[in-house]
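Residue-level listing of the chains:
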Amino acid sequence: MRGIAAGTLLFAILSVASTTNAAPLSPAPAAPASKPAAAPAAKTAPAAPCHTTGTYDAWLAAFEREAMAQGISKATIAAAAPSLTFDQKIVYIDRGQRVFSQTFLEFSGRMAAAYRIQRGQQLIQANAATFARIEQQFGVPAPVIVAFWGLETDFGANLGKYHSLSAIASLAYDCRRSERFRAQLLDALRLIERGDLTPEDMIGSWAGELGQTQMMPSEYNQYGVDFDGNGKRDLIHSVPDVLASTANYLHGLGWKKGEPWLTEVRVPANLPWDQADLSIQLPRAKWAGWGVALADGRPLPADNLPASLLLPMGRLGPAFLAYQNFQIYLQWNNSLVYSTTAAFLATRIAGAPAMRHGTPPPALPFEDMKAMQGMLARAGYDVGKIDGFAGLKTRQAVKAMQVKYGLPADSYPTAELLACMRGGG
């Protein structure tokens, strides 16, 4: 999930859910056949914005020489060779990733479902001794790990169907992200060299993510842990290895032991809404002084623990205090909707009550959201991609425009703001 592609389970759901608003399939390069299994698809694509030069066979031969120069043995390369085929389908998927435009309430309603909460709690009980060791060693609590486990592969039930070596090699050969995936392919071979996996084991997502919490080979190499003591770091079959490696990864990203990550709260009708921003951290005592309370109405602890007020659907929707550990979620996946859902699911698995939905205004339709982004960009704001999705940069720009028009600056794009922008005031 780390900035390359959605996890196996999530990608399948998002691809179906967002088809209506999808952009047309971006062009992909036609690739020459190499081994028999690598014949390119018959489908013809338009000219690509970048140009992949040379045959796949020539590219692969050069890559194999590079791998040997980096210390990967001929035996490992020979073992991997039958799987190092070109797959045009993978390139088409990569070029045609669809826009994810579900709201937080829509997405969390599907992904933080009751069965996933109950199953997560059952798995924590079933693996209690393992989780106790993990928290002692890495400082990451069980609900946090289990929430990612559930979101990425439904607790290991859906690891993917693609041959990882072929998928990564195809993306390394393609011009669009060649250097990134070339490095991943070298690390995939190192997993084989070390004896962690065989090429036949390496079945995962279309972008090469492996295991029950969907790690790229570089993450697998850096953070994989042999927690069952059998000499292998097996994130496909070994639950102890999966859980400990996930905790090690989160620890490596900076997880702070013993600190919270997300707390649902109630907000008053009036608040300095422009302070509701993940880039702004204030002591909980400050939020309490402004009338922010726990979700059940009890007072917020009036201490100095820094927290940001997160309003994923604006001031009338759900509200959360997000702590420093929430930033780790955004490093796992920089989608605010995914990260907030993962953090919320972890609180539910830990025993938090169901969320208060509030009464947020309807989300802007896809084309209206793109229109707003275009207007913001023309006004000089950095919104990132104009893609119909209100990411963090777009929300920052929305807040600035809300301030300009005297609207509550809660960073949530609405039809009211769009009307103001179109009307010029």
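Scroll up to find the structure this text is about.
Throughout this description, residue numbers start from 1 for each chain and increase along the sequence as written. Only residues with pLDDT of at least 70 are given local features in this predicted model, and only at 80 or more are side-chain atom pairs given and counted; all residues enter the totals for whole chains, interfaces and linings. To obtain the side-chain values, all non-hydrogen atoms of the structure were included, while hydrogens and water were left out.

Draft legend 1. How the structure looks around the sheet that holds strand 6 (residues 306-310). Spatial strand order, 4-6-7-3-5: five strands in an open sheet with antiparallel pairing. Each edge of the open sheet is held by one strand with a lone partner, namely strand 4 (282-283) and strand 5 (293-294). Where strand 3 (residues 262-266) lies against strand 7 (residues 320-322), three bridges are found, and the strand directions are antiparallel. Within the sheet, the bridge partner assigned to Glu-264 lies in strand 7 and is Phe-320. Helix 15 (residues 336-349) rests against strand 3, strand 6 and strand 7 of the sheet, and its axis sits at about 90 degrees to strand 3. Should DSSP find at least two bridges between two strands, the strands are regarded as paired. A run of DSSP states H or I qualifies as a helix once it reaches four residues; a run of E qualifies as a strand once it reaches two. Both are numbered from the N-terminal end. Every residue pair with non-hydrogen atoms within 4.5 Å of one another is taken to be in contact. To obtain each axis, a line is fitted to C-alpha atoms, and for helices this fit is confined to the stretch in contact; angles are then taken between N-to-C directions over 0 to 180 degrees.

Draft legend 2. Structural view of the state of the cysteines. Throughout, a disulfide means two cysteine sulfur atoms within 2.5 Å of one another. Inspection of every chain in the model, using the stated rule, returns one disulfide. A sulfur-sulfur separation of 1.7 Å characterises the disulfide bridge that pairs Cys-50 with Cys-175. Looking down the S-S bond of the Cys-50 and Cys-175 bridge, the torsion is 70 degrees, so its handedness is right-handed. Pair noted here: Cys-50 is in the loop between helix 1 (8-17) and helix 2 (56-69) and Cys-175 is in the loop between helix 9 (164-173) and helix 10 (178-194), with a separation of 125 residues, a long-range link.

Draft legend 3. Up close: the pattern of salt bridges. Salt bridges are identified by distance alone: a Lys or Arg side-chain nitrogen within 4 Å of an Asp or Glu carboxyl oxygen. Overall, the coordinates contain 13 salt bridges when judged by the stated rule. With a shortest N-O distance of 2.6 Å, Arg-284 and Asp-303 are connected by a salt bridge. Taken together, the residues Arg-284 in helix 13 (residues 284-289) and Asp-303 in the loop between strand 5 and strand 6 connect sequence positions 19 residues apart. Judged by its relative accessible area of 13%, Arg-284 falls in the buried class. With a closest N to O distance of 3.4 Å, Asp-382 and Lys-393 form a salt bridge. Note that Asp-382 is positioned in the loop between helix 16 (366-378) and helix 17 (392-404) and Lys-393 in helix 17, a separation of eleven residues in sequence. When salt bridges that share partners are traced, they join Asp-94, Arg-176 and Arg-177 into one network. Accessible area is worked out with a 1.4 Å probe on protein chains only. A residue is then buried under 20% of its type maximum, exposed over 50%, and partly exposed in between.

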